[in-house]
Amino acid sequence: MLFHLLAVGDVVGDQGLSFLDRHLRSLKKLHAVDFTVVNGENASGVGITPRQAKDIFNAGADVITLGNHTWNRIQIADFLEDNPYILRPANYTSRVPGRGWGVFDGPRGLRIGVMNLIGRCEMDSNFENPFTVASAALKEMDADLTVVDLHAEATSEKGAMGWYLDGRVQAVWGTHTHVPTADVQILPKGTGFVTDLGMTGPAQSVLGIKPQQAINRFLGGLPARFEQSEGPCKLESVLFTIDTSTRKCVSAERLDIRE
Ligand SMILES: [Fe+2]
């Protein structure tokens, strides 16, 4: 049996939420998607509120993953404890609430494991090693299929994770940079991989925010609260097709939508 898993890039702001709501259901229907994982850590620009998490679920996500901005909207903390379908990186220390992986009921009785990790290169240093945490978690996860979102800056760290988990999970994708990479592939032992999914939100932007604000920052101007850009939106995602009998990814392809 073929299992279709859609991984959707970081949803940015109200425009990203609205675009996701308008397009995700039809995209899933068109490609017979069985399970959908959406990175939501930028739903507030930085962070995500419980209301925004509910909006992402209502748009069609089965599981939400997060990243470095998990705690920017601290009101999400209780929601992370209460709702097992939203994950924060598993390699946060045990001092924070929530969970970093879960095993979820998929179609036809399949148990789908989803793990969220965060990288350490050019990120906060107070994270456990994502590689050793991933290995330890896999020993505990009783899943038929497992997929991993590594929220990280460095392409090298994301690439290394893909190869590290090759043959042990069915898909590994990167998030956080908001720039889609052109390296969608199936690794030798059958793990689907892409360095970064991209993002969901304003297309005419720098990572979702107004270009002038990004330029001002790099010119050394006064810091200002980032505002999301306006205009047409895009949704960037990768569809992983997994053969459930061999537990290998057999196809990985970009599904990107632009207004
Ligand atoms: Fe991020």
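In what follows, the accompanying structure is described. (Residues numbered from 1 in each chain as written. Predicted model: local features only at pLDDT ≥ 70, side-chain atom pairs only at ≥ 80, totals over all residues. Heavy atoms only, no water.)

### Here's the deal with the coordination of the iron ion
The cut-off we apply is this: Metal sites are built from N, O and S donor atoms within 2.8 Å, or 3.2 Å for Na, K and Ca, and they leave out water, so they may look incomplete. In this scheme the shape depends on donor count and angles: four donors with every angle between 85 and 135 degrees give tetrahedral, four or six donors with opposite pairs above 155 degrees and others between 65 and 115 give square planar or octahedral in turn, and any other case is irregular. A run of H or I in DSSP counts as a helix once it spans at least four residues, and a run of E counts as a strand once it spans at least two, with each numbered from the N terminus. Three labels apply to residues, based on accessible area from a 1.4 Å probe with only protein chains included: buried if under 20% of the type maximum, exposed if over 50%, partly exposed otherwise in between.
Around the iron ion, the protein supplies Glu 41 (OE), Asn 68 (OD1), His 151 (NE2) and His 176 (ND1) as donor atoms, at distances of 2.0 to 2.2 Å. Angles of 85 to 176 degrees at the metal separate the four donor atoms of the iron ion, which places the site in the irregular class. Taken in sequence order, the residues that donate to the iron ion follow the motif E-x26-N-x82-H-x24-H. Note that Glu 41 is positioned in the loop between strand E3 (35–39) and helix H2 (50–59) and His 151 in strand E7 (residues 145–151), a separation of 110 residues in sequence. There is no split in this pair, since Glu 41 and His 151 are both buried.

### Quick look at the sheet that holds strand E5 (residues 101–105)
Strand pairing in a sheet is mediated by backbone hydrogen bonds. Such pairs are either parallel or antiparallel. Put simply, the rule is: Only strands joined by at least two bridges in the DSSP assignment are considered to pair. By the convention used here, residues are in contact when the closest approach between their heavy atoms is within 4.5 Å. Orientation is described by axes fitted as lines to C-alpha atoms, over the contacting stretch for helices, and by angles from 0 to 180 degrees between their N-to-C directions.
Pairing in this open sheet of six strands is mixed, and the strands run E5-E6-E7-E8-E10-E9 from one edge to the other. Across the chains shown, the open sheet's two edge strands, defined by having one partner strand only, are E5 and strand E9 (185–186). In this sheet, E7 lies alongside strand E6 (residues 111–118) in parallel orientation, the contact comprising seven bridges. Bridge pairing in E7 places Gly 113 opposite Thr 146. Across the sheet, helix H4 (residues 130–140) is in contact with E5, E6 and E7; its angle to E6 comes to roughly 160 degrees. Packing of helix H5 (residues 155–164) onto the sheet brings it into contact with E6, E7, strand E8 (171–175) and strand E10 (192–194), and relative to E8 it is tilted by some 170 degrees.

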